[in-house]
Amino acid sequence: MNDALVIIPALNEEKSVGDVIAMIKRAAPVDIVVISDGSTDRTAAVARQAGAFVIELPMNLGIGGAMQTGYLHAHRLGYQYAIQIDADGQHDPADLPRMLEHARNDEGDMVLGSRYVEKTSYRSSASRRIGMVLLATLVRIAVGYPIYDTTSGYRVVNRRVIELFSRYYPIDYPEVEVLVLLHRHKLRILEVAVEMKERQAGVSSITMVKSAYYMLKVSLAIILEMLRKTSGKGRLRT
Amino acid sequence: MNVFVIVALFAVFFLIIVTDLMRRRVLMEQYSLFWLGMGLVLLILSVFHQWLNPLADLLHIAYPPSLLFLIGFLFLFGIMLHLTVVLTRLTLRSIRLVQELGMTKAEMVQMQEKIMFLEGNQHDNKTIERA
């Protein structure tokens, strides 16, 4: 058993998940868990074949519920570090050793793989960029320092964050909300530049129709997060 | 036959239904208190509707039965808010259950593989001993 666990949530990603696992194994000495979130294709079989530990959820929970399963698993088995990587191949495992190194040096409780902190070759649509700028502004107000790529799903976290996430993780669209959650718990976020590739297969879970709901939900979540206090009275534990 | 009689009859009928649902354990007591409260308040106010008039005057409601409907509406708002809170709790619980089930199943598969591996080794040892 290694001290770092890669968590790959996957919903019907049979085309890409095998390659992603193989690339991660070549890149760094880590354990890999794939959370098949109610997949109806061969995702679980392909992932098992590629050498990952596979947790198959009997029904679809959505990205937050699936991701938290990975954190629960990491917490129970006592992993020191957990890494989130998408199953669609857009995160390059070549960046993983460097991100893990930052975490091991305790430069941040979460190391965030970012497309924007330096010039990388990633490009996205105009409407998507506007949305991201809006969210980044809101997050900046909430945490007090700039985080450039708030929606990046490429993340390395340490033991403290694993413990926190095993207790609470947002159900849907968790990426941005989590940043403010960490800030409230006085945990540090370090943003480092990574390469993002075009996804190998599948489409983004955020379509144009869902964009408005996405913006509304995430903004509300950030504002609510700002209204919470960590050590106050009441029934709030996370 | 006026509106108060209708509301009173409705309230009685409603209370009987709610009580029967609780009797048959189709409705849990904790979720029925709101309904019982609403039924009783509507029943009392429609039977003793002379109490409504001063209250309606106080609130500048020209048509006193409207107050009855307002009270009913407010109860419904309360009930619906309560329901969504309960729904949220149930959602979070079912998510955790699905997570636990998935993890337990995965651990079971892993254990089965280990057992098969060990049994295989045992088998190999025996054949070695025999040889």
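Here's what I pulled together on the structure shown here. (Residues numbered from 1 in each chain as written. Chains lettered and ligands numbered in written order. Predicted model: local features only at pLDDT ≥ 70, side-chain atom pairs only at ≥ 80, totals over all residues. Heavy atoms only, no water.)

Things to note about the sheet that holds strand β5 (residues 110–114) of chain A
All names here are of chain A. The strand order across the open sheet formed by seven strands is β3-β2-β1-β4-β6-β5-β7, and the pairing between neighbours is mixed. With partners counted over all chains shown, the strands left at the sheet margins are β3 (53–57) and β7 (189–193), one partner each. Strand after strand, the sheet turns through a mean of 20 degrees between neighbouring axes, direction not considered. Inspection of the sheet shows β5 paired to β7 by five bridges, in the parallel sense. Within the sheet, the bridge partner assigned to Ser-114 lies in β7 and is Ala-193. (Pairing = 2+ DSSP bridges. Helix = DSSP H or I, 4+ residues; strand = E, 2+ residues; numbered from the N terminus. Axes fitted to C-alpha atoms, helices over the stretch in contact; angles between N-to-C directions.)

Overview of the nonpolar core
All names here are of chain A. Judged by nonpolar contacts, the single largest core of 44 residues is most densely connected at Ile-7, Ile-55, Tyr-71, Val-157, Phe-165 and Leu-182. A per-element tally of this core places helix α7 (residues 174–184) first, with six residues. Other than its neighbours up to four places away in sequence, Phe-165 contacts Gln-68, Tyr-71, Met-110, Val-157, Val-178, Leu-181 and Leu-182. In this structure, Ala-10, Ile-21, Val-34 and Val-46 belong to the second largest nonpolar core, which totals 31 residues. (Core = buried A, V, L, I, M, F, W, Y, C linked by side-chain atoms within 4.5 Å. Buried < 20%, exposed > 50% of the residue type's maximum accessible area, 1.4 Å probe, protein only. Contact = heavy atoms within 4.5 Å.)

Some details on the side chain of Asp95(A)
Residue and element names in this part refer to chain A. Position of Asp-95 among the secondary structure elements: in the loop between β4 (81–84) and α4 (96–104). Note on Asp-95: relative accessible area 10%, which makes it buried. A distance of 2.9 Å separates polar atoms of two side chains, one belonging to Asp-95 and the other to Arg-98. Those residues in contact with Asp-95, other than ones at most four positions away along the chain, are Tyr-154, Val-194 and Glu-195. (Polar contact = N/O pair within 3.5 Å; in protein donor to acceptor, adjacent residues only side chain to side chain.)

What about the interface of chain A and chain B?
Residue-level contacts link 17 residues of chain A with 13 residues of chain B. Both sides together, the interface formed by chain A and chain B hides about 1,300 Å², and carbon and sulfur atoms give 69% of it. Its largest share of buried area at the contact with chain B, chain A owes to Phe53(A), Pro58(A) and Leu61(A), together 32% of the area lost on that side. The partner of Arg76(A) in a salt bridge is Glu100(B), with the nearest N and O atoms 2.7 Å apart. (Buried area = accessible area lost by both parts, 1.4 Å probe. Salt bridge = Lys/Arg side-chain N within 4 Å of Asp/Glu carboxyl O.)

Some points on the packing of helix α6 (residues 159–167) of chain A against α7(A)
All names here are of chain A. Contact geometry for α6 and α7: axes closest at 12 Å, N-to-C directions at 115 degrees. Like other packed secondary-structure pairs, α6 and α7 cross with a definite hand, here right-handed. From α6, Val-161, Leu-164 and Phe-165 reach across to α7, where they touch Val-178, Leu-181 and Leu-182. For the contact of α6 with α7, the per-class residue count stands at six nonpolar, no polar and no charged. (Left-handed = near helix turned anticlockwise from the far one by under 90°. Nonpolar A, V, L, I, M, F, W, Y, C, P; charged D, E, K, R; others polar.)

Examining the pattern of salt bridges
Residue and element names in this part refer to chain A. All chains considered together, the criterion is met by 16 salt bridges over all chains. Here Asp-149 ties to Arg-115 by a salt bridge, and the two come within 2.6 Å at their closest N and O atoms. Here the residue Asp-149 occupies a position in the loop between α5 (126–143) and β6 (155–158), and Arg-115 occupies one in the loop between β5 and α5, the gap between them amounting to 34 residues. The class of Asp-149 is buried, set by a relative accessible area of 0%. Connected through shared salt-bridge partners, Asp-106, Asp-109, Arg-160 and Arg-188 make up one network.

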